[in-house]
Structure formats: structure tokens, C-alpha cells
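Residue-level structural notes
Residue strings, one per chain:
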Amino acid sequence: MDLRNLALIAHVDHGKTTLVDAMLRESGFRPRGVFQDRLLDREVLERERGLTILAKNAALFWKGVKINIVDTPGHADFGGEVERALAMVDGVLLLVDAAEGPMPQTRFVLRKALAAGLGPLVVVNKVDRPEARPDRVLAEVFDLMIDLGASEAQLDFPYLYAVAREGRAWREGEVSENLAPLLDAVLEHVPPPAVEAGAFRMRVASLDRSPYLGRMAIGRVHAGRVRKGDRVAVLSGRAQEAGRVEALFVFEGLGRREVQETLPGDIVALAGVEGVGIGDTLAVEGEVGPLPRLAVDPPTVALRLFPDTGPFAGREGTRVTARQIGERLDRELDTNVALQVERVGAEAFLLKGRGEMHLAVLLESMRREGYAFVVGPPEVLVRGEEEPYERLQLDLPRERFGAVIAHLGERGGELLDMAQEGERVRAVFRLPARALFGFKGQYLALTGGEGLYAQSADGYGPLAGGRARRATGSAYATEGGRAYAYALGKLEARVRFFIAPGEAVYPGMIVGEHVRSGNLGVNVTRNKKLTNMRAAGSDEQVRLAPPRRFSLEEALGYLVEGEVLEVTPRALRLRLQEPPVKRVKGR
């Protein structure tokens, strides 16, 4: 069978998952039930956030050729998924928005693809947008590839224009009402998989688990064939293990089809070998050596996680012990190759990941599974005298740019490029990764909610100075009980609250943001004294501003040293790490 293995690269919200939907439709694939949008975003968090988190496989047939499609995440924090996906393919489809052009996260994934020697097929999407500038975007893609060190062959890339939402793609100077030109270009420009001679070898790029078959290894067959019932060995740095192939599957559409034998070059799922891990090689026992292991960039951000021992511990969540949390993290390590977990003492864990979002998605998933725990503020991982840096691309109103550039200057940002387009400014900065903790909320405030931004890892640089990540202090409760509107109203001039009247609080719980630096103890449980006296103007209705509510990511960005975040299935609560000592009158 003729094969093509293709990875899709795009920035968040440039239409990658929509394009996959259209390609499946064009090939004649029809899922069971209604054909909903964004079929590959099957995880709840992916559909909520509108981005791809996990690399996934799909397959379609076009003119008798099977095209395996690997959907890669568009965010640099999930780079571990990207590296696994690129290890299985022979070409990449680079999708770029016709208005926004290549973004920082596009740069990150494209650098990996070019370094692997993969040739890009460029698709300029959303050319129907009023602000589309396809010719200029193509020039920007070319400049980006030069900057990333592309070879002459890679610079001579084919390109098409598309409106993925309408299922149309065409070459320059042509007219098309479907995606046939794009699928034809895939067959023409993506080479068939290179197959090695010799016995069966397959490098494991992903893992899955079946309730009936146990652990399933997913990867591309680099050489030979394997049949159901054959014995295979796991070649890794650990002790060699062996197992029998219980089942074999190939990808078709969005699902899998069981087969009796694999084909060289195909992407398959194999069940029956429990000891296998990501990066290991499966091979005929005693015949050949292992393939090179997958190289994954080291983590850049860390945070501490430990069971909740606060006053509300045990009220929310069904999995609250260190043992249960440790077992969940061990399962995550099976599939999340960019994550590292270290035990710290008897009950604490040190989580290391590729960025705030990488760790926040894991914590949010655990929370929804019933886990309750506490995490500390994220910290960057330095490497000798260097620390990780980020590339930040902004798109904001021109009149707001002065305030933003001043703010980024305080955070240690360096302006690399700037261009004005009408009433908006596009600018690129480089700054330490730690300087971006808590930046999102402040950026939206400085731009009146009209600013757009994207970031991606940009290597390491010298340790830099810069101010603390938050200039304001925290207001914490000094008494436990229920918050009253009367008390909140009296304090509103000095505190922006995170709670509403009626919510339960305890001493040390952070209930709001103090407008000045330094923490402030407040009593939000104080109510108005009851009296039978009435006077004009003494019983005004209390009108409060809506409380500020955090997402998990925003709460992590708010934390500073000495503060922690309680994460439960029902709530996110900030508190002081060490509860304040209540002073007794007269002492």
C-alpha cells in the first residue's frame, strides 16, 4: 500500500483542526452520527480552550493512497507532544493565518520540523478575512525559514491558499471549490516513508490504554513486519523485556481497525507488551538493536504540590492523600514525556514542565477527576548562570502601546521588532520567562481588553534583573466564618475582592488584592450591629463590584513567595503559606 505520513503545524486558532475536518470530509469519511466541528479536539479541556493539547492520529484515503495525519499542539508548552509527532512523519503541513502571519508558537514547532529535515507544505488559511494579506504573509514565512536555518530545498516550498471553514484550497492563479488541490499536493510533495531493511523495528512515540488489552504502544514501523502472536522485545536503557503481540491496529478516519499484520512505514498501535515506554524500541527478539531515543527539551518551570492540610481539607474532593496523588502522577509520566516529577519529603512532589500552561492543564485535569491538593508559586529552572527566555508577540491598539512597553521594560523585556498597521501595533519582545508570570491579566488591563499576545520558548540567556512579578499585596482574612456585604463594602476602597458575600473564609485565606504593596489583614465576617433605631441614610443598600474570579492559570500567575493555591473540584482558594499568628490583647 502507498503511504504518506504528515504532521500539521499551526499557531493556536489558525484553523488547523477545522482543516482536518474538511480533509476528512473531502476524502469521503463519514463519522457515526452528526459530523460535528473540530473532531480531533476530543478532550473536554481542548474544546473549552479552543486549542490542541495532545497529539492525535487520523487517517484518510485519497486516490488509493493512505494519508496518516498527526495533529500537533500549537502551543510551545506542549512541545513534548510535538517532538513525538514529528518522529512519526515524513513531511509537515504548515498552516498560517492570512492576517496574523507566522506567530511565536509557529516558530517553535517549525524549528523542530526543519531540524528534523522535514520539508514544509505551506497553506495560507482564512484568505477571505477583510484584513487578509496573503502575499505579505508568504514573504514572512520565507523570512522565518531563513532565520531558522532552512536548507535550500526547504526554502523552495510549495504553497496553497485556503478557506478551511468552507472546505476550499487552491494554488496561485487557480480556482477551486474543494480541497482536492491540497490533497493532491500532499501526494506530490510529501515523500513516502523511508523503510529500513531487516527485521521488525518500531519506535514508540505514544501510549494508550485499553480496558480489555492493557497498554498500547503507538508508533511508526521503521522496518519489517510483525504479526499478531509474534514475540517482540522492548529495547531501552532498562532491562530488556519481552512480550507477545495480542492485537494490532491501524488508523482509519478517527478510529482504529484491527489487522493481522503491519506494513512497513505505517503508523500502528500494538497491544500486549506491558513494560514498554515512550522512546523505547520494539523489535524482533535478539535480532536488531534499538533506534535512537526521542530527544525532548528539558523543563523550564517547576512548582511544588502537596496534600491539602488547611482548615477546609477533606470537605471537597474524593482523592486527597499523598498516595493517591502520587499514583496519579505516576500514570501521567507514562504518556507525558515533557513532565518530570520528584518526591520531596514524605508527601510533597516537585513538578517540572515546559511552562505554566503545561502544568496548569495537568492540575486542571486532576481537579476534574476529584483530586484536591495545594500548589506553590511556579519558579523557573535556571541552568548555571542562564535562565529560560520567551519570545512575546503583541498586537494592540496604538494608543495603548506606550503603557505596555513601559511595563515590559520594568519586567526586563527587550523590543526586537515593531510595525504599525492602521490603528494597531504589532511588536515582538524577548524577556525572561519568569517575567511573564502574571503578565496576562495586567496586559489585558493595560490594553482595555483589546490586546492579543502569543509567546513561545526562545532558548536561554543570562540571568536578568527586573521587578517582582506583582507590585500589589494580598488582603487576607483574620477571622473565620461567612463574609458579609457590610464588611466588604467598608473595605472596598482599599481591596479588590476575590470573594462574594456569603462565602466561607478562614484565617489566612486571601480574600482580595490590596491596592498597595504589603499584605493587609481584614475582617470580612463583621456584620452591622442590629438596633431598633432608624435614621435617614443609615440603612443604604450595599452595592459591591463583582469579585475577581481566577482561572487556574491566572491563580498560578498571581501567586508570590509565601502564598499557596488550594485546588479542589469545586473551588480555587489562595492562602498564606504560614497562617498569621493571632495577637492576644495586652500581649
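Now for a look at the structure at hand. What you see is a predicted model; the values in this text were computed from it and never measured. (Residues numbered from 1 in each chain as written. Predicted model: local features only at pLDDT ≥ 70, side-chain atom pairs only at ≥ 80, totals over all residues. Heavy atoms only, no water.)

**Here's the deal with the overall build of the chain**
Each helix and strand counted, the chain has 13 helices and 32 strands in total. Of all intrachain contacts in the chain linking residues separated by at least 6 positions in sequence, the fraction that spans at least 24 positions is 71%. (Helix = DSSP H or I, 4+ residues; strand = E, 2+ residues; numbered from the N terminus. Contact = heavy atoms within 4.5 Å.)

**Brief notes about the environment of Pro 104**
Along the polypeptide, Pro 104 turns up in helix H4 (residues 104-115). Overall, Pro 104 belongs to the buried group, its relative accessible area being 3%. Leaving out residues up to four positions away in the same chain, Pro 104 has contacts with Arg 391, Gln 393, Ala 454, Gln 455 and Ser 456. (Buried < 20%, exposed > 50% of the residue type's maximum accessible area, 1.4 Å probe, protein only.)

**Considering the pattern of salt bridges**
What the rule picks out here adds up to 34 salt bridges. For Arg 165, the salt bridge is made with Asp 128, and the minimal N-O distance between the two is 3.1 Å. On the criterion of sequence distance, the pair formed by Arg 165 in the loop between strand S6 (159-163) and strand S7 (168-170) and Asp 128 in the loop between strand S5 (119-125) and helix H5 (134-147) is long-range, its members being 37 residues apart. Between Arg 367 and Glu 364 there is a salt bridge, and its shortest N-O distance comes to 3.4 Å. Here Arg 367 and its partner Glu 364 are both found in helix H9 (residues 356-368), three residues apart, which amounts to about one turn of the helix. (Salt bridge = Lys/Arg side-chain N within 4 Å of Asp/Glu carboxyl O.)

**Here's the deal with H9**
Here H9 contains 13 residues, and its C-alpha end-to-end distance of 18 Å stays within 8% of the 18 Å for a straight helix at 1.5 Å per residue. Counting buried positions over the 13 residues of H9 gives 11, a clear majority of the element. When we look at burial in H9, the residues that qualify are Glu 356, Met 357, His 358, Leu 359, Ala 360, Val 361, Leu 362, Leu 363, Glu 364, Met 366 and Arg 367. Where H9 terminates, the next one or two residues include Gly 370, which has phi positive at roughly 100°. (Expected span 1.5 Å × (residues − 1).)

**Topic: the side chain of Arg 215**
Along the chain, Arg 215 turns up in strand S9 (residues 214-223). With a relative accessible area of 13%, Arg 215 lands in the buried category.

**Some thoughts on the sheet that holds strand S3 (residues 65-71)**
The strand order S2-S3-S1-S4-S5-S6-S7 describes an open sheet built from seven strands, whose pairing is mixed. This sheet does not close on itself; its edge strands, each paired only once, are strand S2 (56-62) and S7. On average, each strand axis in the sheet is inclined to that of its neighbour by 30°, with strand direction left out of account. Here three bridges tie S6 to S7, and the two strands are oriented antiparallel to one another. Each bridged residue has a counterpart across the sheet, and for Tyr 161 the counterpart in S7 is Trp 170. On the sheet, H5 packs against strand S4 (91-97), S5 and S6 and is oriented at approximately 155° with respect to S5. (Pairing = 2+ DSSP bridges. Axes fitted to C-alpha atoms, helices over the stretch in contact; angles between N-to-C directions.)

**Regarding the sheet that holds strand S23 (residues 424-432)**
Taken in spatial order, the four strands line up as S22-S23-S21-S24 in an open sheet, and their pairing is antiparallel. Among the strands making up the open sheet, the edge pair consists of strand S22 (414-421) and strand S24 (452-462). Neighbour-to-neighbour, the strand axes of this sheet turn through a mean angle of 15°, independent of strand direction. One ladder, built from nine bridges, connects strand S21 (residues 386-397) with S24; its direction is antiparallel. Paired with Gln 393 across the two strands is Ala 454, which belongs to S24.

**Side note on the side chain of Arg 573**
Take Arg 573: it is sitting in strand S32 (residues 572-576). Using a relative accessible area of 12% as the deciding quantity, one classes Arg 573 as buried. Side-chain polar atoms of Arg 573 contact the side chain of Glu 316, separated by 2.7 Å. Residues in contact with Arg 573, not counting those within four places in the same chain, are Phe 312, Glu 316, Tyr 506, Met 509, Val 564, Leu 565, Glu 566 and Thr 568. (Polar contact = N/O pair within 3.5 Å; in protein donor to acceptor, adjacent residues only side chain to side chain.)

**Concerning the packing of aromatic side chains**
The relative placement of two aromatic rings is captured by the distance of their centres and the angle of their planes. Applying the stated criterion across every chain yields a total of six aromatic pairs. When the ring of Phe 498 is compared with that of Tyr 558, the centres are 5.4 Å apart and the planes differ by 90°; the resulting orientation is edge-to-face. Of this pair, Phe 498 sits in the loop between strand S27 (495-497) and strand S28 (504-505) while Tyr 558 sits in helix H13 (residues 552-558), placing them 60 residues apart in sequence. Under the relative-accessibility criterion, Phe 498 is labelled buried at 6%. Relative to Tyr 558, the ring of Phe 550 has its centre 5.3 Å away and its plane inclined at 50°; by these criteria the two rings are tilted. Tyr 558 sits in the buried class, given a relative accessible area of 4%. Taken together, Phe 498, Phe 550 and Tyr 558 form an aromatic cluster joined through their ring pairs. (Phe/Tyr/Trp six-rings, centres within 6.5 Å; stacked < 30°, edge-to-face > 60°.)

**Brief notes about the environment of Gly 117**
In this structure, Gly 117 sits in the loop between H4 and S5. The spacing of Gly 117 and Ala 153 is 36 residues in sequence and 9.8 Å in space, taken between C-alpha atoms.

**Here's the deal with the pairing of strand S14 (residues 267-271)**
Counting buried positions over the five residues of S14 gives five, a clear majority of the element. Burial along S14 is two-sided: the face carrying Ile 267, Ala 269 and Ala 271 and the face carrying Val 268 and Leu 270 are both buried. Where S9 and S14 come together, five bridges link them in antiparallel fashion. Along S14, the bridge assignment pairs Ile 218 with Ala 269. In this structure, strand S12 (residues 247-252) lies alongside S14, joined through four bridges in antiparallel fashion. Following the sheet pairing, Val 250 is matched in S14 by Val 268.

**Observations concerning unusual backbone geometry**
One non-glycine residue, Lys 63, lies in the positive phi region at around 55°. With a relative accessible area of 61%, Lys 63 lands in the exposed category. A positive phi is found at Lys 126, a non-glycine position, where the angle reads about 60°. Within the secondary structure, Lys 126 is located in the loop between S5 and H5.

**Details of the packing of helix H1 (residues 16-26) against helix H7 (residues 180-189)**
At a closest axis distance of 10 Å, the pairing of H1 and H7 adopts a crossing angle of 90°. Considered as vectors, H1 and H7 are oriented roughly perpendicular to each other. Listed contacts from H7 to Leu 19, Met 23 and Glu 26 of H1 are Ala 180, Leu 182 and Leu 183. Its residues assigned to classes, the contact of H1 with H7 shows five nonpolar, no polar and one charged. (Parallel < 35°, antiparallel > 145°, perpendicular 65-115°, else oblique. Nonpolar A, V, L, I, M, F, W, Y, C, P; charged D, E, K, R; others polar.)

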